[in-house]
Amino acid sequence: MAKGTPARILIIAGSDSGGGAGIQADIKTVTMLGGHAMTAVTAITAQNTLGVDAVHMIPTQMVMDQISAVVSDIGVDAVKIGMIGNAETAHAVADSLSDLSCPIIFDPVMISTSGAALADGDTIAAFERLMGLATLTTPNLPELQALGGKDALLARRIPLLIKGGHADGDDIIDELHLAPRQSESWSNQRIQTRSTHGTGCTLASAIAAGLGQGMELVPAIARARLFVRLALLDAPGLGQGHGPMGHQSVREDAMVAGLSLNHVTLGCRDYAASVDFYKTLGLQQIVDSPGNGYARFEVPNGVTFSIHQSDDIATSTVVCFESKRLDAWVTELSSQGYAFEQMPQDEIWGWREAKLLDPAGNMVCLYSAGENRRYPAWRM
């Protein structure tokens, strides 16, 4: 690809008329992450947040024609497979992808969030070929059991990301297994919401987008999980049942692989007057702590700005850069001779921070916050 060309992600999945899952969620995810989404629609569903009312399977040859059309002209950097529809199509998809050398993410969709069956026994049996081709298969716990269980799949050297959302408890644990003794896991507090339609589709598409952009698998999964969690937190609350997530509200700054400048703190002497001034400018206040002389504001693109009352305004000014690889970044800077006022440490407000001075003596904060930057516990 030419420099600046977006990663080309081929999505093979069904259409969700409600826009919460399937092709619609996949396109939103890939687009928000900076990729170019292409599709081979396997089925058309009539569904909403309450359930699936009807399913129309696309003829296998038409699915193959869609795949051939985009591969032969545009090219593909990664593939995401979702709802297949029937065993014939599953085998044909496996045949069509066997010659591709790009990453393939397989989300073995069997049952919708509302409980509707989306794959019969013959189709599930045909998933064996797709799992053999996939860089990663991403079953939830019921799907894992239907596919034979973790031990059986790992014995066949099927790379797995086991999604733990169906387990009981306040924490969700996702497990990556690349080999019987090579694993990694992520754990986060469960987000209490009924707007969970499309989480599996979104996660798999986000991983495919990351791999298509050249990311390694573990960072691609970590970014995808963050995208899903922010989309859950930003869910618009549509519909009467399991509603769609808020893909459109996930800020790009939370997704970038490198550093991002997204916060500045300025000193002030009159707290109330400064708060009024910045609110008049149109900033949304999200933290109000007059006892500490601290207020934080947010603007529509997700960038935040704060004021801190101080007699020495100059020393209250702090410029903040975020990086998901904070500790490695600090190690690199330290090896180049930069002295830190504070080495990386976990703060009570949910960020991990390090601090150093620039050549002019200005305070620079390097930090990692993830979802806590936009959704800290102390937000108004």
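Residues numbered from 1 in each chain as written. Predicted model: local features only at pLDDT ≥ 70, side-chain atom pairs only at ≥ 80, totals over all residues. Heavy atoms only, no water.

Hey, could you go over the sheet that holds strand β15 (residues 340-346) for me, with residue numbers and the actual values?
Across the sheet, which stays open at both edges, the 8 strands sit in the order β11-β12-β13-β10-β14-β17-β16-β15 with mixed pairing between neighbours. Two strands in the sheet have a free side with no partner beyond their single neighbour: β11 (284-289) and β15. The sheet shows a mean angle of 20 degrees between the axes of neighbouring strands, direction not considered. Each of β14 (318-322), β15, β16 (352-357) and β17 (363-368) is contacted by helix α11 (residues 326-335), which is oriented at about 160 degrees to β15, the strand it contacts most. (Pairing = 2+ DSSP bridges. Helix = DSSP H or I, 4+ residues; strand = E, 2+ residues; numbered from the N terminus. Axes fitted to C-alpha atoms, helices over the stretch in contact; angles between N-to-C directions. Contact = heavy atoms within 4.5 Å.)

Kindly report on the packing of aromatic side chains, identifying the contributing residues and their values.
The relation between two aromatic rings is expressed through the spacing of the ring centres and the mutual angle of the planes. Using the criterion set out here, one finds 6 aromatic pairs in the structure. Here the aromatic rings of Phe-297 and Phe-305 are separated by 6.3 Å at their centres, their planes lie at 35 degrees, and the arrangement is tilted. Note on Phe-305: relative accessible area 15%, which makes it buried. Taken together, a centroid distance of 4.3 Å and an interplanar angle of 15 degrees make the contact between Trp-351 and Tyr-367 stacked. With Trp-351 in the loop between β15 and β16 and Tyr-367 in strand β17, the pair connects residues that are 16 residues apart, well separated along the chain. Following the ring pairs from residue to residue traces out a cluster consisting of Phe-277, Tyr-278, Phe-297 and Phe-305. (Phe/Tyr/Trp six-rings, centres within 6.5 Å; stacked < 30°, edge-to-face > 60°. Buried < 20%, exposed > 50% of the residue type's maximum accessible area, 1.4 Å probe, protein only.)

Please set out the packing of helix α3 (residues 87-97) against helix α4 (residues 121-133) residue by residue, giving values where relevant.
Here α3 crosses α4 at 10 degrees, and the two axes come no closer than 8 Å. Our classification of the angle between α3 and α4 gives roughly parallel. Two secondary-structure elements touch here, α3 through Ala-87, Ala-90, His-91, Val-93, Ala-94, Asp-95 and Leu-97 and α4 through Asp-122, Thr-123, Ala-126, Arg-129, Leu-130 and Leu-133. (Parallel < 35°, antiparallel > 145°, perpendicular 65-115°, else oblique.)

Pulling in residues and values, what's your account of the nonpolar core?
Judged by nonpolar contacts, the single largest core of 73 residues is most densely connected at Ile-12, Val-79, Ile-81, Val-93, Phe-127, Leu-130 and Ile-207. A total of 10 residues in this core trace back to one element, the largest contributor, which is helix α8 (residues 217-233). Beyond its immediate stretch of four places on either side in the chain, Val-79 contacts Leu-10, Ile-12, Leu-97, Leu-100, Cys-102, Pro-103, Ile-104, Ile-105 and Ala-208. (Core = buried A, V, L, I, M, F, W, Y, C linked by side-chain atoms within 4.5 Å.)

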